[in-house]
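Breakdown of the fold
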There are 2 protein chains.
Amino acid sequence: MCGGIGSRFWPYSRASRPKQFIDFLGTGRSLLQMSYDRILDIVPRENVVILTNEQYASLVREQLPELRDDQILLEPARRNTAPCIAWAAYHIAARDPEASIIVAPSDHLITREAMFRESVLAGFDFVEANDALLTLGIKPTRPETGYGYIQVGAPVSGDIHKVKTFTEKPHLELAKVFLETGEFFWNSGIFLWKAETIIKALREHAPDVAGTFDAGAAAFGTPEETRFISENFPGCMSISIDFAVMEKAKNVYVECVDFGWSDLGTWSALYDNSPKNPDSNVTQNCSVIAYNSTGNIFAVNGEKLVVVDGLKDYIVADAGDVLLICPKAEEQRIKQMVNDAKLAYGDKYL
Amino acid sequence: MCGGIGSRFWPYSRASRPKQFIDFLGTGRSLLQMSYDRILDIVPRENVVILTNEQYASLVREQLPELRDDQILLEPARRNTAPCIAWAAYHIAARDPEASIIVAPSDHLITREAMFRESVLAGFDFVEANDALLTLGIKPTRPETGYGYIQVGAPVSGDIHKVKTFTEKPHLELAKVFLETGEFFWNSGIFLWKAETIIKALREHAPDVAGTFDAGAAAFGTPEETRFISENFPGCMSISIDFAVMEKAKNVYVECVDFGWSDLGTWSALYDNSPKNPDSNVTQNCSVIAYNSTGNIFAVNGEKLVVVDGLKDYIVADAGDVLLICPKAEEQRIKQMVNDAKLAYGDKYL
């Protein structure tokens, strides 16, 4: 899945080139490309399916030129994850009704890839043998208030447990309790299931969405699929797979994993996961001369020199036509800033 | 005089387009153009002479297209103000041995232009009637430590006094004393004299410099002048007119004036002299959305949007390939920063 607009990283991530298409970690590969490389250890190339907004078709083709056009599913409208995952499931089931699927966001970081592969293979074994919807729960390392948590229930097999509850993002005190109990894991948004299992769950818990795709069953895997989607996908309700299915279904399991994961959902997360200069600054794509400045993240496009004095724990993001300077601790304001920029200047700086 | 490189305003002012060529105050006219407009109230257009480094020939021609080529004197090397002023004096004297001259920097701000004109006309009356080197001394409004001061001696005529001493930039306590006594005026670097008076003073106090120009006396005002300058100007010592002449000569006078002057020599001076937004920020050529931010100056080239949170009393200067973020109180470090950038990257960012 790589259709998000990454507005929390504005202006470095822009609607026209969101976060997942950027070489965010300076590795030479975008987050999408890193996710793709990681999945190729598990899934044959010809079975990889990319879901994105049609706006990003050329970015995906440019970054993953080895994929066939029919491996890139272009959403004609933004409808959150449930319709996206539903389309993928119907599309894949049309090709192989017995397929198993891993659903993964394209903008996350995973540092221990061998362990990731092991966890996913164990998860596939489980969902292939059981009528199960499996989510990967990440062992928390800090009382993070930016993630949802999954409370684990009875152990079932290996690292796999029944899910007791899904929780919303907790406040700090609650997050500390979650961490201490050892029963709560971060909700990674990575899922494993058989195509038939998720389709059955959609029919039961999200009949609106499933109904749309069932009506076009004959089109999937045929030249008709694109026309069917362009006519029917925009009519789907916009809803996440968590709300639509995971929090309602009874056959939901969590595999408790620990493979060095971050959703890179915030500048602070990116800062934490990036190599630091000796002065604890992080620089993205730019040269920095810093005086009395520590704990900053500089994300500046191009061959730009940044000279900075007396700045501590700031985000400095320059995207050519927009410069953002904001304390890391205030980054939750960025969405408001994007809105204010839109009110003042329309779409010019989005 | 408009040959300076304006390094204190780096990176907004660059070696390739220094401060005097920039519309620094957002008036639609560069500082050079504003200075030229101001002088045209006093000096006929055909008598204006521009001195600049040959590097800036095209900038001057572009900004002052109404001048003839022989009104633009191009220095083949940077030699501070004494050789520059000497050349101008010999050049003008060759055309009119009885000429009077006002020497003015091109990058200063003067807000009360009618009063400026009155002061200059009174000064011309004085230097035309006397063998006098006259400097304009600005009535100080604060204990500024960034300027040299002139201590006035006995009154001579109107606002004109003998000069008692020239002082270096004082420390703050001394500057406060200067302000209280009422005897000290800011050294503006604006001079009035007859051509013959300054040439005589150069011969007496800077015989090296005068000797160079005396040797070429026949060339001034002829087609030979350019060749003579290109061969001989670089051999002049680099020295200011203050050191070379004003601090040595006996016939030095100061006219005490008060016409709203700033040398715009620092970001803080520019901030003080610029219109403020309601949140006390100053913006140059850019749109700014500011949160919890006051007292900043944003100097950003082009159509850029700056979004800033939690910044107080900073300079934010963006020149396309260089971004500077520095507390206003630390701006004396900027020269060091330019040096550091040069050490690290050569001339690339100068």
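One can find the structure itself at the top, above this paragraph.
**Things to note about the packing of aromatic side chains**
Each aromatic ring pair is summarised here by two numbers: the centre-to-centre distance and the angle between the ring planes. Under the counting rule described, the total for this entry stands at 36 aromatic pairs over all chains. Here the aromatic rings of F126 of chain A and Y253 of chain A are separated by 5.1 Å at their centres, their planes lie at 70 degrees, and the arrangement is edge-to-face. Here the residue F126 of chain A occupies a position in helix α4 (residues 113-129), and Y253 of chain A occupies one in strand β9 (residues 252-257), the gap between them amounting to 127 residues. Of the residues examined, F126 of chain A reaches a relative accessible area of 7% and is grouped as buried. Among the residues examined, Y253 of chain A registers a relative accessible area of 16% and is labelled buried. With a centroid separation of 6.2 Å and an interplanar angle of 55 degrees, the aromatic rings of Y12 of chain B and W267 of chain B are classed as tilted. Of this pair, Y12 of chain B sits in the segment before α1 (31-39) while W267 of chain B sits in helix α10 (residues 267-272), placing them 255 residues apart in sequence. This pair shows no difference in class: Y12 of chain B is buried, exactly as W267 of chain B is. Counting every residue linked through ring pairs, the aromatic cluster contains W87, Y90, F213, F220, F228 and F233 of chain A. Directly above the ring of Y271 of chain B sits K276 of chain B, whose terminal nitrogen or CZ lies 4.8 Å from the centroid.

**Side note on the interface of chain B and chain A**
Taken together, the contact between chain B and chain A spans 34 residues of the former and 34 residues of the latter. Between chain B and chain A lies a buried interface of about 2800 Å² when both sides are counted; carbon and sulfur atoms form 56% of it. The interface formed by chain B and chain A includes six salt bridges. Of the charged contacts, one joins K304 of chain A and D318 of chain B as a salt bridge, the two residues approaching to 2.7 Å between their closest N and O atoms. At the boundary of chain B and chain A, one finds 25 residue pairs in polar contact (both at pLDDT 80 or more). Sorting the residues of the side of chain B that touches chain A by element identifies β12 (287-291), β14 (305-309), β15 (314-318), β16 (322-327) and α11 (334-345) of chain B as the ones contributing at least two each. With six residues, β16 of chain B is the single largest residue contributor to the side of chain B that touches chain A.

**Some points on the pairing of strand β16 (residues 322-327) of chain A**
Within β16 of chain A, six of the six residues are buried, leaving the element largely enclosed by the surrounding structure. Covered by surrounding structure in β16 of chain A are V322, L324 and C326 of chain A together with L323, I325 and P327 of chain A, the residues of both alternating faces. When strand β15 (residues 314-318) of chain A meets β16 of chain A, the two strands line up antiparallel, connected through five bridges. In the sheet register, V316 of chain A faces β16 of chain A, and the bridge partner there is I325 of chain A. Taken together, β15 of chain A and the strand that follows it, β16 of chain A, pair antiparallel across an intervening segment of three residues, in which G320 of chain A is found at a positive phi of about 90 degrees. Here β16 of chain A runs beside β14 of chain B; their pairing, made up of four bridges, is parallel. Within β14 of chain B, the residue paired with L324 of chain A across the bridge is V307 of chain B.

**A look at the sheet that holds strand β11 (residues 282-284) of chain A**
Strand order in the open sheet formed by six strands is β11(A)-β13(A)-β15(A)-β16(A)-β14(B)-β12(B), and the pairing between neighbours is mixed. With one partner strand each, in any of the chains shown, β11 of chain A together with β12 of chain B form the two edges of the open sheet. Along the sheet, successive strands turn relative to each other by an average axial angle of 5 degrees, direction set aside. Here three bridges tie β11 of chain A to strand β13 (residues 297-300) of chain A, and the two strands are oriented parallel to one another. Its bridge partner lying in β13 of chain A, Q284 of chain A is registered against A299 of chain A.

**Side note on the side chain of R14 of chain B**
Residue and element names in this part refer to chain B. Here R14 lies in the segment before α1. By relative accessible area, which is 11% here, R14 ends up buried. At 2.9 Å, the side chain of R14 forms a polar contact with the side chain of D321. Contact partners of R14, with chain neighbours within four places excluded, come to I5, A319, D321, V322, K348, Y349 and L350.

**Here we look at the relation of the copies chain B and chain A**
With an RMSD of 0.1 Å, chain B superimposes on chain A once it is rotated by 180 degrees and translated 0.0 Å along the axis. Taken together, the rotation and translation describe the operation of a two-fold axis. When C-alpha positions in chain B are compared against the rotation axis, the closest is assigned to G320 of chain B, at 3.9 Å. Here 100% of the interface residues in chain B have copies in chain A that are interface residues too; the copies meet face to matching face.

About the thresholds
Residues numbered from 1 in each chain as written. Chains lettered and ligands numbered in written order. Predicted model: local features only at pLDDT ≥ 70, side-chain atom pairs only at ≥ 80, totals over all residues. Heavy atoms only, no water. Phe/Tyr/Trp six-rings, centres within 6.5 Å; stacked < 30°, edge-to-face > 60°. Helix = DSSP H or I, 4+ residues; strand = E, 2+ residues; numbered from the N terminus. Buried < 20%, exposed > 50% of the residue type's maximum accessible area, 1.4 Å probe, protein only. Lys NZ or Arg CZ within 6 Å of the ring centre and 35° of its normal. Contact = heavy atoms within 4.5 Å. Buried area = accessible area lost by both parts, 1.4 Å probe. Salt bridge = Lys/Arg side-chain N within 4 Å of Asp/Glu carboxyl O. Polar contact = N/O pair within 3.5 Å; in protein donor to acceptor, adjacent residues only side chain to side chain. Pairing = 2+ DSSP bridges. Axes fitted to C-alpha atoms, helices over the stretch in contact; angles between N-to-C directions. Least-squares fit on C-alpha atoms with pLDDT ≥ 70 in both.

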